[in-house]
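Chains, contacts and geometry: an overview
Next come the chains, spelled out residue by residue.
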Amino acid sequence: VGGRIRPVSPTELSLHNTQNNAWLAIRGRVYNITHYLPFHPGGSEELMRGAGMDATELFDKVHPWVNYDSLLAKCLVGPLSFDRPDAD
Ligand code: HEM
């Protein structure tokens, strides 16, 4: 089943910050990491530090060599967009 790829704003991303519903962004791509959490070699708590945000810096500080894009290929939600300045 192919996922529906669609843009995600920083505000929407920020709402997905719990163990049961965790998204993060790396280099402009948003991933749903919920199902990867138990498999993260560094533990779910470490991975949760990046939940709900652009975790690029955090990720690169720990392990820039890890191929997150292939590991999380099926977890891609879509590109990180911008918040609309006029959104209410
Ligand atoms: C290992 C933290 C995101 C995949 C680790 C370790 C830490 C860590 C501390 C070392 C564990 C150890 O050696 O005892 C974090 C933090 C993240 C994050 C804070 C927040 C952004 C990710 C993501 C992926 C990932 C998004 C890929 C889907 C891995 C892999 C290892 C690892 C494959 C083993 C790396 C190796 O041994 O070379 N992580 N991680 N991590 N993490 Fe993450």
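As shown above, the structure is provided for reference.
One structure accompanies this document, and this report is about it. (Residues numbered from 1 in each chain as written. Predicted model: local features only at pLDDT ≥ 70, side-chain atom pairs only at ≥ 80, totals over all residues. Heavy atoms only, no water.)

**Quick look at the nonpolar core**
One finds Leu24, Tyr31, Ile33 and Leu72 to be the most contacted residues of the largest nonpolar core, which totals 15 residues. Mapped onto this core, the elements with two or more residues apiece are β2 (21-26) and α2 (44-48). No other element matches the three residues that β2 contributes to this core. Ignoring any residue separated from it by four or fewer positions in sequence, one finds Ile33 in contact with Ala22, Trp23, Leu24, Leu47 and Leu72. Val8, Leu13, Ala25 and Val30 belong to the second largest nonpolar core, which has six residues in total. (Core = buried A, V, L, I, M, F, W, Y, C linked by side-chain atoms within 4.5 Å. Buried < 20%, exposed > 50% of the residue type's maximum accessible area, 1.4 Å probe, protein only. Helix = DSSP H or I, 4+ residues; strand = E, 2+ residues; numbered from the N terminus. Contact = heavy atoms within 4.5 Å.)

**So, the site of the ligand**
Around the ligand, the surrounding shell holds 18 residues, and the nearest of these are His40, Glu46, Leu47, His63 and Trp65. Between His40 and the ligand, the recorded distance is 2.8 Å, taken from a side-chain N or O atom to a nitrogen atom. Within the side chain of Trp65, an N or O atom sits 2.8 Å from an oxygen atom of the ligand. For the shell around the ligand, the element with the highest residue contribution is helix α3 (residues 56-62), accounting for three residues. Of the residues in the shell around the ligand, the class split is 13 nonpolar, three polar and two charged. (Near = heavy atom within 4 Å. Polar contact = N/O pair within 3.5 Å; in protein donor to acceptor, adjacent residues only side chain to side chain. Nonpolar A, V, L, I, M, F, W, Y, C, P; charged D, E, K, R; others polar.)

**A short note on the coordination of the iron atom of the ligand**
Around the iron atom of the ligand, the protein supplies His40 (NE2) and His63 (NE2) as donor atoms, at distances of 1.9 to 2.1 Å. What the six donor atoms of the iron atom of the ligand show is an angle range of 87 to 179° at the metal, which sorts the shape as octahedral. Here the residue His40 occupies a position in the loop between β3 (29-32) and α2, and His63 occupies one in the loop between α3 and α4 (68-71), the gap between them amounting to 23 residues. (Donors = N, O, S within 2.8 Å, 3.2 Å for Na, K, Ca; no water. Tetrahedral: all angles 85-135°; square planar, octahedral: opposite > 155°, others 65-115°.)

**Here we look at the packing of aromatic side chains**
The geometry of an aromatic ring pair comes down to the distance between the two centres and the angle between the two planes. Taken as a whole and judged by the stated rule, the model has two aromatic pairs. Following the ring pairs from residue to residue traces out a cluster consisting of Tyr31, Phe59 and Tyr68. (Phe/Tyr/Trp six-rings, centres within 6.5 Å; stacked < 30°, edge-to-face > 60°.)

Taken by themselves, the reported measurements are silent on function.
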